[in-house]
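Each chain is listed here by its residues.
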Amino acid sequence: MNTHIRRAEPADAPGITRIIRAAWQEYNPDVFPNVIPKHMTFVAERGEAGIIGFVDSFATQRDEDDAEIRWEVDWLAVDPKNHGHGTGTALIAAATEAGRAAHATVARALVRIGNVASEKAFEKNGYKPSPDMLALYISDQPLKELRSVADHRQSYLITVNRLNDTAIWIEGEITDRVLQQARYVIGVRGWHAAGALIPRSDRKLLKLVEAEGYKHVANYRQYVLRY
Ligand SMILES: CC(C)(COP(=O)(O)OP(=O)(O)OC[C@H]1O[C@@H](n2cnc3c(N)ncnc32)[C@H](O)[C@@H]1OP(=O)(O)O)[C@@H](O)C(=O)NCCC(=O)NCCS
């Protein structure tokens, strides 16, 4: 039976949610149908099984003045019953082409350390692993008050509407101020979490992020493709 890759539609939200729950038991609320048309989300369909995998991708910029468009391949999963038939590789290819069409300069994805299937699927699409191992830290605990704000020329708070939550990604210079500001903003806006990726080798920064109430989730490597 052939697998067919197509752009997702809002009506595919329950099918994508089903795949997420099959792949990850932890935090996984329903996918928002209204986010799908704003992203480049693709589903893989296989005969009567219906949706057997998906990938979500979208553009981000550091700030409004930044000329560089980065293409985030944010989420990828294939139903465990259908692994190993090239579906993951084909979904990444579709997301990567969407980034090229959007004139992104770079496409990137975070792959958890030890996820060999994902590493291979990205490498087969021309992505290269970055040398640094990165620790993902997140906080879903809002700060009620903010005493000072971060320097917006150095530190960036990027709002990311993901398929099932809205989060803030902290980029650039990671300081106590920007870490506090991100926690404050998620409270004001009612968003799910703020997160930052910290090089594992930077012990001082790891300590700072922990002192600011962020919790370690897992370690990742970034896979990058330059268009
Ligand atoms: C990662 C994932 C999407 C890959 O999907 P898939 O359809 O099985 O991928 P492909 O069939 O295209 O396989 C890609 C490569 O990984 C290999 N592979 C697949 N499963 C593997 C496993 N369990 N261990 C080692 N290698 C594996 C394949 O053999 C293939 O390499 P090859 O062409 O050299 O043989 C799938 O494993 C998955 O959903 N995992 C859980 C969710 C997840 O980790 N998502 C990625 C987040 S970045």
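What you see is a predicted model; the values in this text were computed from it and never measured.

Here we come to the pairing of strand β5 (residues 106-112). Within β5, five of the seven residues are buried, leaving the element largely enclosed by the surrounding structure. In this structure, strand β4 (residues 70-78) lies alongside β5, joined through three bridges in parallel fashion. By the bridge assignment, E72 is partnered in β5 with R108. Read from β4 through helix α2 (residues 87-101) to β5, the crossover connection turns out right-handed.

For the second largest pocket, the calculated volume is near 190 Å³. K38, H39, F58, A59, T60, Q61, I158, T159, V160 and N161 are the residues that line the second largest pocket. Put simply, the parts of the chain that give the lining of the second largest pocket at least two residues each are β3 (50-60) and β8 (155-161). Of the residues contributing to the lining of the second largest pocket, the split by class is four nonpolar, five polar and one charged. Counting contributing residues, the lining of the second largest pocket receives three or more from each of domain 1 (3-129) and domain 2 (134-221).

A few words on the domain arrangement of the protein. Along its sequence, the protein is carved into domain 1 (3-129) and domain 2 (134-221). The C-alpha-based centres of domain 1 and domain 2 are spaced at 24 Å. Across the contact, 29 residues belong to domain 1 and 18 residues belong to domain 2. Both sides together, the interface formed by domain 1 and domain 2 hides about 2000 Å², and carbon and sulfur atoms give 60% of it. Taken together, the links from domain 1 to domain 2 amount to four salt bridges. As a salt-bridge pair, R70 and E171 come within 3.0 Å of each other at their nearest N and O atoms. Of all the elements in the fold, those that place two or more residues in the side of domain 1 that touches domain 2 are β3, β4 and β5. Broken down by element, the residue count for the side of domain 1 that touches domain 2 peaks at five residues, all from β5. Of the residues contributing to the side of domain 1 that touches domain 2, the split by class is 15 nonpolar, five polar and nine charged.

For soluble globular proteins, the rule of thumb is that nonpolar side chains tend to be buried together. With 22 residues, the main nonpolar core has V55, V73, L91, F122 and Y127 as its most contacted residues. Secondary structure elements with two or more residues in this core: β2 (40-46), β3, β4, α2, β5, α3 (116-124) and β11 (215-226). In terms of residue count, α2 provides more of this core than any other element does, five residues in total. Within the second largest apolar cluster, 18 residues are counted, among which are I174, I198, V209 and Y214.

Working definition: an aromatic ring pair is given by the centre-to-centre distance plus the angle between the planes. Per the stated rule, a full pass over the model turns up five aromatic pairs. Aromatic pair F54 and W75: ring centres 5.9 Å apart, planes at 90°, arrangement edge-to-face. Separated by 21 residues along the polypeptide, F54 in strand β3 and W75 in strand β4 bring together distant segments of the chain. The two residues F54 and W75 agree in class, both being buried. Consider the rings of F122 and Y223, whose centres lie 6.4 Å apart with planes at 40°: the pair is tilted. Of this pair, F122 sits in helix α3 while Y223 sits in strand β11; the two residues are 101 residues apart in sequence, bridging distant segments of the chain. A residue is classified by how much of its surface remains accessible, and Y223, at 3% relative accessible area, is buried. Counting every residue linked through ring pairs, the aromatic cluster contains W24, F54 and W75. One cation-aromatic arrangement involves R162 over W75; the distance from NZ or CZ to the ring centre is 4.9 Å.

With that settled, consider the site of the ligand. Looking at the ligand, there are 19 residues lining it, with G84, G86, T89, N115 and K124 nearest. G86 places a main-chain nitrogen or oxygen 2.6 Å from an oxygen atom of the ligand. Here K124 contributes a side-chain N or O atom positioned 2.4 Å from an oxygen atom of the ligand. In the complex, 70% of the free accessible area of the ligand, which totals 930 Å², lies under the protein chains. Counting only elements with at least two residues in the shell around the ligand, the list comes to β4, α2 and α3. Here the shell around the ligand gets six residues from one element, more than from any other, and that element is α3. Counted by class, the shell around the ligand contains eight nonpolar, nine polar and two charged residues.

The rules behind the values
Residues numbered from 1 in each chain as written. Predicted model: local features only at pLDDT ≥ 70, side-chain atom pairs only at ≥ 80, totals over all residues. Heavy atoms only, no water. Buried < 20%, exposed > 50% of the residue type's maximum accessible area, 1.4 Å probe, protein only. Helix = DSSP H or I, 4+ residues; strand = E, 2+ residues; numbered from the N terminus. Pairing = 2+ DSSP bridges. Right-handed = clockwise from strand over helix to strand, strands pointing away. 1 Å grid on protein atoms, 1.4 Å probe; cavity = no way out; pocket = protein on both sides within 12 Å on 5 of 7 lines; lining within 4 Å. Points joined across faces, edges and corners; volume = space filled by probe spheres on them. Nonpolar A, V, L, I, M, F, W, Y, C, P; charged D, E, K, R; others polar. Domains from an automatic or database assignment. Contact = heavy atoms within 4.5 Å. Buried area = accessible area lost by both parts, 1.4 Å probe. Salt bridge = Lys/Arg side-chain N within 4 Å of Asp/Glu carboxyl O. Core = buried A, V, L, I, M, F, W, Y, C linked by side-chain atoms within 4.5 Å. Phe/Tyr/Trp six-rings, centres within 6.5 Å; stacked < 30°, edge-to-face > 60°. Lys NZ or Arg CZ within 6 Å of the ring centre and 35° of its normal. Near = heavy atom within 4 Å. Polar contact = N/O pair within 3.5 Å; in protein donor to acceptor, adjacent residues only side chain to side chain. Areas by Shrake-Rupley, 256 points an atom, 1.4 Å probe, with all protein chains shown as cover.

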